[in-house]
Amino acid sequence: MAIQWFPGHMHRARKQIAEVMPNIDLVIEVLDARLPYSSENPLVPDLCQGKPCLKLLNKADIADSKHTQAWLDYFNSLENTQAMAITGLDKKQVKSITQYCHNMLPDRREKKLSIRTMIMGIPNVGKSTLINTLAGRVVAKAGNLPALTRHPQQIKIQDGIVLSDTPGILWPKIHNEASGFRLAASGAVRDTALDYYEVAEFTADTLIKLYPEKLSERFKLKELPEKGYGLIEEIGKKRGCLRSGGVVDEYKAAEILIHELRSGKLGQISFETPDMMIQEEQALAQKAALEEEKRQAKEAAKKKGRRQPKDKPNN
Ligand code: GTP
């Protein structure tokens, strides 16, 4: 399943960010704590133009805390980067972001200058919720639909921090099919663009591996099926998703799994760990190298073919 993100959007966002960036001291990239790898934008280091970056692992309340800690360690080991886990709805936690900003740029406070920040992140990751909590009032539209933030805003918040809520919307990692499924399961993609069953099957396969106990508990299953499609079938039976003749309505069952996952009913769940990310990146690099090898071999064969003299005409 490929995520639809049109090059036009990417181009516009890049251009807007590049225009605003000279007046920004610190970039705040909001990531989904459940999938920090897939919700990260591959171009942020370029877009930041050398500015320090604070990675906020948002929705930490519904992520698995042991994996969140591993991600924090990973991001904190990167140059010019700091990371903190956050729950956007928790006022006390969100207020502590300003302290992180000051710690990252102590010079500006000494010079009594405010810190100009830009919040970036993929759709539905919680940017507006964070901005509203930081500002202590509703200044940005928040809702559980991707791509609500549209208009540029400059927001002064307490403690010498200025927020620019623009251009904000980034595209996620889309070069990896597994990332596409995880983003879809998390709610980062408009539901109209989704094949629920496909997403649910991938998600069920992942959850069987990572969180078998949570699945057994939530869906009251004594034995878990080995495969995702089997799990969806079992959920359908347990929840009475039956069509005429007693056949399981697997689309309804798939919706139940995705909705309950998104609303946190399955408990705190993360889809990605730093180790997984390294493995996936390696696999992608291998695939790309192989494709490049094939392309070069094809090119060479073409050239050779062109150099071969055609059959000489008989004189
Ligand atoms: P766009 O306008 O699409 O760019 O979205 P956004 O990034 O501004 O996201 P928004 O703030 O609208 O939040 C999206 C959904 O996530 C809303 O339903 C929020 O209530 C929910 N949300 C935001 N932060 C958190 C959090 O820390 N935990 C949980 N559980 N939900 C959150």
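How each quantity is defined
- Residues numbered from 1 in each chain as written.
- Predicted model: local features only at pLDDT ≥ 70, side-chain atom pairs only at ≥ 80, totals over all residues.
- Heavy atoms only, no water.
- Helix = DSSP H or I, 4+ residues; strand = E, 2+ residues; numbered from the N terminus.
- Expected span 1.5 Å × (residues − 1).
- Buried < 20%, exposed > 50% of the residue type's maximum accessible area, 1.4 Å probe, protein only.
- Polar contact = N/O pair within 3.5 Å; in protein donor to acceptor, adjacent residues only side chain to side chain.
- Salt bridge = Lys/Arg side-chain N within 4 Å of Asp/Glu carboxyl O.
- pLDDT = per-residue confidence, 0-100.
- Contact = heavy atoms within 4.5 Å.
- Disulfide = S-S within 2.5 Å.
- Axes fitted to C-alpha atoms, helices over the stretch in contact; angles between N-to-C directions.
- Parallel < 35°, antiparallel > 145°, perpendicular 65-115°, else oblique.
- Nonpolar A, V, L, I, M, F, W, Y, C, P; charged D, E, K, R; others polar.

Once that is clear, we can look at helix α11 (residues 250-262). Across its 13 residues, α11 extends 18 Å between first and last C-alpha, which sits within 8% of the 18 Å expected from 1.5 Å per residue. Those residues of α11 that fall on the buried side of the exposure criterion are Ala253, Ala254, Leu257, Ile258, Glu260 and Leu261. Two or three places before Tyr251, at the start of α11, stands the capping residue Asp249, its side-chain oxygen 3.2 Å from that residue's backbone nitrogen.

Now for the pattern of salt bridges. Note on pairing: side chains with opposite charge can pair once their charged atoms come close. Tallied over the full model, the rule gives 13 salt bridges. Between Glu234 and Lys237 there is a salt bridge whose closest N-O contact spans 3.4 Å. Placement of the pair is Glu234 and Lys237 together in helix α10 (residues 228-238), with a separation of 3 residues, close to one helical turn. Ionic contacts of the salt-bridge type, sharing partners, join the residues Asp25, Arg108 and Arg116 into one network.

So, about the confidence of the model for the protein. Mean pLDDT for the protein: 86, with 87% of residues reaching 70 or above. By mean pLDDT, the top-scoring element of the protein is strand β2 (residues 53-58) (97), and the lowest-scoring one is strand β5 (residues 154-157) (76). Every residue in residues 143-152 is under pLDDT 50, and counting partners more than four places away or in other chains gives 24 contacts.

Within the structure shown, the criterion is met by 0 disulfides. Cys48 carries a free sulfur, and the closest cysteine sulfur to it, the one in Cys53, is 4.5 Å from it.

Turning our eyes to something else, we now look at the packing of helix α4 (residues 91-104) against helix α6 (residues 127-135). Two elements in contact, α4 and α6, have axes separated by 9 Å at closest approach and are oriented at 85 degrees. By the angle between their directions, the pair α4 and α6 is classed as roughly perpendicular. In this structure, α4 contributes Lys91, Val94, Lys95, Ile97 and Thr98 to the contact, and α6 contributes Leu130, Thr133 and Leu134. Taken together, the residues that form the contact of α4 with α6 break down as 4 nonpolar, 2 polar and 2 charged.

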